[in-house]
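Descriptive structure summary
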Amino acid sequence: MKWRDLLAGELRKEHVGQRFALAGWAATRRDHGGLVFIDLRDESGLAQLVINPERAPEAAKVAHEIRNEFVLRAVGEVAARASEAVNPNLPTGEVELQVDELEIVSRSEPLPFQLDDENVDESTRLRYRYLDLRREKMQDNLRLSATVVAAIRRFMDEQGFVDVWTPNLTRATPEGARDFLAPVRLQPGNFFALPQSPQLFKQTLIVAGFGRYYQMAVCFRDEDLRADRQFEFRQLDLELAFPTREEVWDVLEGAVVASFEALGRTPPERPFRRLTWHEAMARFGSDKPDLRFGLELHDLTAETRDSEFKVFAQAPSVQYLAVPQQLSRAELASLEELAKEWGGKGLAYLVFDEEGEVRSPIAKFLSAEVIEAVRPDEPAATVLFGADEPLKVARVLSAVRNHLGRELGLIDESRDEFLWVTDFPLFEWDEDGGRWTFSHHPFTGIRLGDEDLIESDPGAALSQAYDMVWNGWELGSGSIRIHDSELQKRVFKQMGIDEQQAEERFGFLLEVLRMGAPPHGGFAMGLERFVALLAGESNIREVVAFPKTASGSEPMTGAPTPIAKDILAELGIQVLPQFES
Ligand code: ASP
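Before going into details, it helps to say that this report is about the structure given with it. The shown structure was predicted, so the numbers you read here are calculated from the model rather than taken from an experiment. (Residues numbered from 1 in each chain as written. Predicted model: local features only at pLDDT ≥ 70, side-chain atom pairs only at ≥ 80, totals over all residues. Heavy atoms only, no water.)

Our next topic: the sheet that holds strand β2 (residues 36-42). On the basis of which strands lie adjacent, the closed barrel formed by five strands has the order β1-β2-β3-β5-β4 and mixed pairing. Each neighbouring strand pair of the sheet contributes to a mean axis angle of 55 degrees, computed without reference to strand direction. As defined by bridge partners, strand β4 (residues 71-80) adjoins strand β5 (residues 95-106) across ten bridges and the pair is classed as antiparallel. Note on β5: the bridge partner recorded for Gly-76 is Val-99. Across the sheet, helix α1 (residues 57-65) lies against β1 (19-31), β2, β3 (45-51) and β5, angled at about 65 degrees from β5, the strand it touches most. (Pairing = 2+ DSSP bridges. Helix = DSSP H or I, 4+ residues; strand = E, 2+ residues; numbered from the N terminus. Axes fitted to C-alpha atoms, helices over the stretch in contact; angles between N-to-C directions. Contact = heavy atoms within 4.5 Å.)

The N-to-C vectors of helix α4 (residues 136-158) and helix α15 (residues 527-534) enclose an angle of 120 degrees; their axes lie 10 Å apart at closest approach. Judged on the interaxial angle alone, α15 and α4 are oblique. In terms of crossing hand, the pair formed by α4 and α15 is right-handed. Contacts between α4 and α15 involve Asn-141, Leu-144, Ser-145, Val-148, Val-149 and Ile-152 from the former and Leu-527, Phe-530, Val-531 and Leu-534 from the latter. When the residues that make up the contact of α4 with α15 are grouped by side-chain class, the tally is eight nonpolar, two polar and no charged. (Parallel < 35°, antiparallel > 145°, perpendicular 65-115°, else oblique. Left-handed = near helix turned anticlockwise from the far one by under 90°. Nonpolar A, V, L, I, M, F, W, Y, C, P; charged D, E, K, R; others polar.)

What follows is about the site of the ligand. For the ligand, the full set of nearby residues is Glu-175, Ser-197, Gln-199, Lys-202, Arg-221, Gln-235, His-441, Ser-477, Gly-478, Arg-481, Phe-523 and Ala-524. One of the side-chain N or O atoms of Ser-197 is found 3.2 Å from a nitrogen atom in the ligand. In the environment of the ligand, an oxygen atom lies 2.9 Å from a nitrogen or oxygen atom belonging to the side chain of Arg-221. When the ligand is considered free in solution it has 270 Å² of accessible area, and contact with the protein chains removes 94% of it. For the shell around the ligand, the secondary-structure elements that each account for two or more residues are α5 (199-207), β21 (473-480) and β22 (520-526). For the shell around the ligand, a count of residues per class yields two nonpolar, six polar and four charged. (Near = heavy atom within 4 Å. Polar contact = N/O pair within 3.5 Å; in protein donor to acceptor, adjacent residues only side chain to side chain. Areas by Shrake-Rupley, 256 points an atom, 1.4 Å probe, with all protein chains shown as cover.)

Strand β10 (residues 232-241) sits mainly inside the fold: seven of its ten residues count as buried. Of the strand pairs in this sheet, strand β9 (residues 212-220) and β10 are connected by nine bridges, and their pairing is antiparallel. Bridging across to β10, Phe-220 finds its partner in Glu-232. Where β10 and β22 come together, seven bridges link them in antiparallel fashion. Each residue of the ladder has a partner; that of Glu-239, found in β22, is Gly-522. (Buried < 20%, exposed > 50% of the residue type's maximum accessible area, 1.4 Å probe, protein only.)

Here we take up a negative patch on the surface. Together, Asp-498, Glu-503, Glu-504 and Glu-511 make up a region of like negative charge exposed at the surface. Among the secondary structure elements, Asp-498 is positioned in the loop between α13 (485-494) and α14 (499-514). (Patch = residues over 30% accessible without salt bridge, like charges linked within 9 Å, V, L, I, M, F, W, Y side chains within 5 Å. Salt bridge = Lys/Arg side-chain N within 4 Å of Asp/Glu carboxyl O. Lys, Arg positive; Asp, Glu negative; His and termini not counted. Charge placed at Lys NZ, Arg CZ, Asp CG, Glu CD.)

This part takes up the nonpolar core. Among the nonpolar cores identified, the biggest contains 39 residues, and Leu-236, Leu-238, Met-525 and Phe-530 are the most heavily contacted of them. Counting residues per element, this core draws most heavily on helix α6 (residues 245-262), which supplies eight residues. Ignoring anything within four residues of it in the chain, the contact list for Met-525 reads Ile-152, Arg-234, Gln-235, Leu-236, Leu-252, Val-256, Met-468, Leu-475, Gly-476 and Phe-530. Core analysis: the next-biggest nonpolar cluster, separate from the first, contains 27 residues, Ala-59, Ala-60, Leu-72 and Leu-97 among them. (Core = buried A, V, L, I, M, F, W, Y, C linked by side-chain atoms within 4.5 Å.)

On to α15. Taking burial as the measure, the eight residues of α15 include eight buried ones, the bulk of the element. All of the buried residues along α15 are Leu-527, Glu-528, Arg-529, Phe-530, Val-531, Ala-532, Leu-533 and Leu-534.

To continue, consider the pairing of strand β17 (residues 418-422). The side chains of a regular strand alternate, residue by residue, between the two faces of the sheet. Extensive coverage of β17 is indicated by the burial of five of its five residues. Neither face of β17 is left uncovered, since the one carrying Phe-418, Trp-420 and Thr-422 and the one carrying Leu-419 and Val-421 both have all their residues buried. As paired strands, strand β11 (residues 273-276) and β17 are joined by four bridges and run parallel to one another. When the bridges of β17 are listed, Arg-274 appears paired with Trp-420. When β17 meets strand β20 (residues 465-470), the two strands line up antiparallel, connected through five bridges. Looking at β20, one finds that Thr-422 is bridged to Tyr-466.

With respect to the element layout, Asp-39 can be found in strand β2. A relative accessible area of 14% places Asp-39 in the buried class. Not counting the four nearest positions on each side in its chain, Asp-39 is found in contact with Trp-25, Ala-26, Ala-27, Thr-28, Arg-30, Leu-46, Ala-47 and Gln-48.

What follows deals with empty space enclosed by the protein. Throughout the structure, instances matching the rule amount to one cavity of 30 Å³ or more. The volume enclosed by the largest cavity comes to roughly 40 Å³. In terms of lining, the largest cavity is formed by Leu-426, Phe-427, Phe-438, His-441, Pro-442, Phe-443, Thr-444, Val-491 and Met-495. (1 Å grid on protein atoms, 1.4 Å probe; cavity = no way out; pocket = protein on both sides within 12 Å on 5 of 7 lines; lining within 4 Å. Points joined across faces, edges and corners; volume = space filled by probe spheres on them.)

Moving on, we get to the packing of aromatic side chains. Tallying each qualifying case throughout the model produces 22 aromatic pairs. Centre to centre, the rings of Trp-249 and Trp-420 are 5.4 Å apart; their planes meet at 20 degrees, and the pair counts as stacked. You can see Trp-249 sitting in helix α6 and its partner Trp-420 sitting in strand β17, a full 171 residues away along the chain. An identical accessibility class is assigned to Trp-249 and Trp-420; each is buried. (Phe/Tyr/Trp six-rings, centres within 6.5 Å; stacked < 30°, edge-to-face > 60°.)

Here we take up the pattern of salt bridges. Per the stated rule, a full pass over the model turns up 45 salt bridges. A salt bridge links Arg-30 to Asp-39, with the shortest nitrogen-to-oxygen separation between them at 3.8 Å. Among the residues examined, Arg-30 registers a relative accessible area of 33% and is labelled partly exposed. Among the salt bridges present, the one from Arg-283 reaches Glu-279, with a minimum N-O distance of 2.8 Å. Note that Arg-283 and Glu-279 are positioned in helix α7 (residues 277-284) at a spacing of four residues, about one turn of the helix. Overlapping salt bridges, with partners in common, bring together Arg-125, Arg-129, Asp-132, Arg-135, Lys-137, Glu-537 and Glu-542 in one network.

Okay, structure coming up:
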């Protein structure tokens, strides 16, 4: 027996008069006391079944038993719907199946929620993910994801990239997060780390003579989960031999355009815009600025050096942004709260009314020159200040800028702004460790000519790293790498990894770099983030089939779980008493 002759969503007017078997789920059942209507759903869509007790008395009996989400098989004749019953919103809306035989193939227990209920809380959705995934939106999201991945693979293949699988049981690869560890039964007390990225393998593959490597790589990072972060995620991971950074960007732009085209959307214009990190920070206070609106930052440090207002005079950096409208006290108070959340001490402001009169508790401390310097062209406006260490000011004002962009409707949602942010600093200062650490990863190349700054002025050294940003979301990072083992050692050393530690942790890399390593560079783009944005979702959990909750568990399977003591003992592991359950 064939379960079905065609898919429910394929039923059309040209099939009228033909007999078909369909199979799927009962999406809805309407009992009109006599006639029963069932919307039968499968992966292709919906078809209406009509069960008429006069035509098919046995089927009618079965129909009364059917509840939502029962699995059915129906055999019948396709008929045109009466004109008043046509549903123009449904591709199958002109026809229905007049059922002769109806079989309940599989029953469903009462549902924990109805599939058309939009207000189910996320923990319930994740607990019953198999039901949640039956919904049209989730089906669309996962299919969109598959379309994008297929398009990228096609594109990478056409461009001559070789798909190479790299290990998931490996050594720690520093990408700035904690590692997930896997114990090894054959070597109790030893652990593999799950890769934070295939970074060192891909560099090695280039040294091994693969000029163009790529992989849809699964990466694992033990960090706090957020809307745009999961413990495990996929990257379009790639690496090239002898590249210029423009050549790397060209490949990524091609992959983005191929994805848009596969979805039938207008692709973004190429080449993408480019901003150096310094310019992005100065103008937007962010290394992932949303360029769909202006509201740029301005520097006022020089002008306020001798200000009577001590907060400004003493701050290493004073910056402001000018909002094109008068903000109310309540709005200013809530912005101040936001500033504090982002580590600001407060948020000084000047409000200019329609007449250009200024209102502010700090106005009397500011010179006329300073007030004139910040006065916006439009009369009714608000100027918001940040005064602190430059990176702190940037963090606060960029959060304020993004908030206002949304709240005041300044964002042009019809635009797509792709951007390369380039020339990142090589190191950043690690407050806790009291030393310099990498800002991307330790293998990032140094801007040519900045090599001597590694020792003399690490904070000023720039790297050959770049990020891709879409509408304020960081989609990924990459760089031209260090391909000289001596230079690599100097970078390790500045980060507090001495020669011996470097040998222990990265000896294989240093060796690889000594064995004929060509210049190389690459990139990794977070697939879930990219897909989420393409799907119009602000949370990547909406495009992941079985994601972890914010607290790091997976409610459907109930993972993670404790493990029996004897199994742990085999692995050489004992759980501390306070963590025993
Ligand atoms: N391995 C880096 C990351 O995962 C990307 C790269 O530098 O290619 O962010």
